[in-house]
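Listed here are the chains, written in short residue letters.
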Amino acid sequence: MEAICGKITKTFEQCGIEARTDKYLGSEKFCAASENSDYDLVFLDIDMPGTDGISLAKKLREQKAPPTIVFVSSREEKVFDSFVVTPFRFVRKGRFNTEITEAVYAYIRERLDNDKAVTFRINKNSSIVNIRLNDIVYIESFKNNQYIHIAEEREPVGLSMTMDELEENFKNYDIIRVHKSYLVNMRYIRRIDKEEVLTTTGDRLLISRRKAQEVKKSFLKFLNRKGKEA
């Protein structure tokens, strides 16, 4: 634990970032302390006293603003089991020094990417709205109107652009057309079924049969790229 925290802190320092790290021997102590702390990034082992790491991660995912989760474990056979909670990284203890550094670097880049935004002209009074790309969950076409659904926002934003225009604008980002009525941000996809896409926000969106294979391939490439980013 000391080695993990020391390496994490040092890596952030090398990037010019001061990070505070807390250590907990077991899930119960962490849960008790985290009620009053909003952690940005949580490193979890899988084998822990009390609740195991994957079960604890499920509880964290239920929070309104869940932290980013990285597993640090020697249980490499559990890597696929961990996908249910969509961890940011799975760091193998056998390659700890290399992979923990890669995980921290990737996390920092991810936070920087969160600041990227796009500007839209909305329907009402031709107003302009600025929205962070990573906050876009999906865009919906309904009765000839387009609406952008934003994470943690109850009401969507109406747009004065067509779906074809939006698809063209987002072609260089991780936002993909899954149906004539939907564009989805792949970072919010939890599962792709035969007839629908399930998002991490609980929305179920139709997927076009002719686009199903293309969407699945694009999503697998997205996951593979995210897994290899250093």
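For the structure given in this document, a descriptive report is provided here. Everything numeric in this text was worked out from a predicted model, so none of it was measured.

1. Focus: the overall build of the protein chain
Link 1 in the chain: Per the secondary structure count, the protein chain includes 6 helices and 13 strands.
Link 2 in the chain: Whereas a compact globule of 230 residues would reach a radius of gyration of roughly 17 Å, the protein chain reaches 19 Å, a difference of no more than 12%.
Link 3 in the chain: Within the protein chain, the fraction of its 230 residues that count as buried is 41%.
Link 4 in the chain: Contacts in the protein chain between residues at least 24 apart in sequence constitute 45% of all its contacts with a sequence separation of at least 6.
Link 5 in the chain: For the protein chain, the computed accessible surface area is about 14,000 Å², with 46% contributed by carbon and sulfur atoms.
Link 6 in the chain: Averaging the positions of the 40 positive and the 36 negative side-chain charges in the protein chain gives two centres separated by 4 Å.

2. Some remarks on helix 3 (residues 53-61)
Link 1 in the chain: Every buried residue of helix 3 is listed here: Gly 53, Ile 54, Leu 56, Ala 57 and Leu 60. Looking straight down helix 3, one finds its buried side chains confined to an arc of 155°; they lie on one side.
Link 2 in the chain: At its buried positions, helix 3 is contacted by helix 2 (27-34), strand 1 (41-44) and strand 2 (68-73).

3. Some points on the pairing of strand 1
Link 1 in the chain: Pairing between strand 1 and strand 2: 4 bridges, direction parallel. When the sheet's bridge partners are listed, Phe 43 is paired in strand 2 with Val 70.
Link 2 in the chain: You can see the chain leave strand 1, run along helix 3 and come back into strand 2, and the turn it takes is right-handed.

4. Observations concerning the side chain of Arg 177
Link 1 in the chain: By the element assignment, Arg 177 lies in strand 9 (residues 175-179).
Link 2 in the chain: For Arg 177, a relative accessible area of 10% gives the class buried.
Link 3 in the chain: Side-chain polar atoms of Arg 177 contact the backbone oxygen of Lys 180, separated by 3.0 Å.
Link 4 in the chain: The residues touching Arg 177, leaving out its near neighbours within four places in the chain, are Met 163, Asp 164, Glu 167, Tyr 182, Leu 183, Lys 211 and Val 215.

5. Some remarks on the sheet that holds strand 12 (residues 196-199)
Link 1 in the chain: An order of 11-12-13 is seen for the 3 strands of this open sheet, with the pairing classed as antiparallel. Taken across any chain shown, the strands that pair with only one partner, and hence form the sheet edges, are strand 11 (189-192) and strand 13 (204-206). Strand-to-strand twist of the sheet, defined as the mean angle between neighbouring strand axes without regard to direction, takes the value 25°.
Link 2 in the chain: Both strand 11 and strand 12 contribute to a ladder of 3 bridges, which runs antiparallel.

6. Quick word on the pattern of salt bridges
Where charged atoms from two side chains of opposite charge approach closely, those side chains can pair.
Link 1 in the chain: All told, the structure shown has 15 salt bridges when counted by the stated rule.
Link 2 in the chain: Among the salt bridges present, the one from Asp 22 reaches Arg 20, with a minimum N-O distance of 2.4 Å.
Link 3 in the chain: Classification of Asp 22 as partly exposed rests on a relative accessible area of 30%.
Link 4 in the chain: Its salt-bridge partner being Glu 99, residue Arg 95 comes within 4.0 Å of it at the nearest N-O pair.
Link 5 in the chain: Residue Arg 95 is classed as partly exposed on the basis of its relative accessible area of 46%.
Link 6 in the chain: The network of salt bridges with common partners includes Asp 47, Arg 75 and Glu 77.

The rules behind each value
Residues numbered from 1 in each chain as written. Predicted model: local features only at pLDDT ≥ 70, side-chain atom pairs only at ≥ 80, totals over all residues. Heavy atoms only, no water. Helix = DSSP H or I, 4+ residues; strand = E, 2+ residues; numbered from the N terminus. Rg over C-alpha atoms; globule rule 2.2 N^0.38 Å. Buried < 20%, exposed > 50% of the residue type's maximum accessible area, 1.4 Å probe, protein only. Contact = heavy atoms within 4.5 Å. Areas by Shrake-Rupley, 256 points an atom, 1.4 Å probe, with all protein chains shown as cover. Lys, Arg positive; Asp, Glu negative; His and termini not counted. Charge placed at Lys NZ, Arg CZ, Asp CG, Glu CD. Arc of directions from axis to C-beta. Pairing = 2+ DSSP bridges. Right-handed = clockwise from strand over helix to strand, strands pointing away. Polar contact = N/O pair within 3.5 Å; in protein donor to acceptor, adjacent residues only side chain to side chain. Axes fitted to C-alpha atoms, helices over the stretch in contact; angles between N-to-C directions. Salt bridge = Lys/Arg side-chain N within 4 Å of Asp/Glu carboxyl O.

Geometric descriptors of this kind do not, in isolation, establish any biological role.
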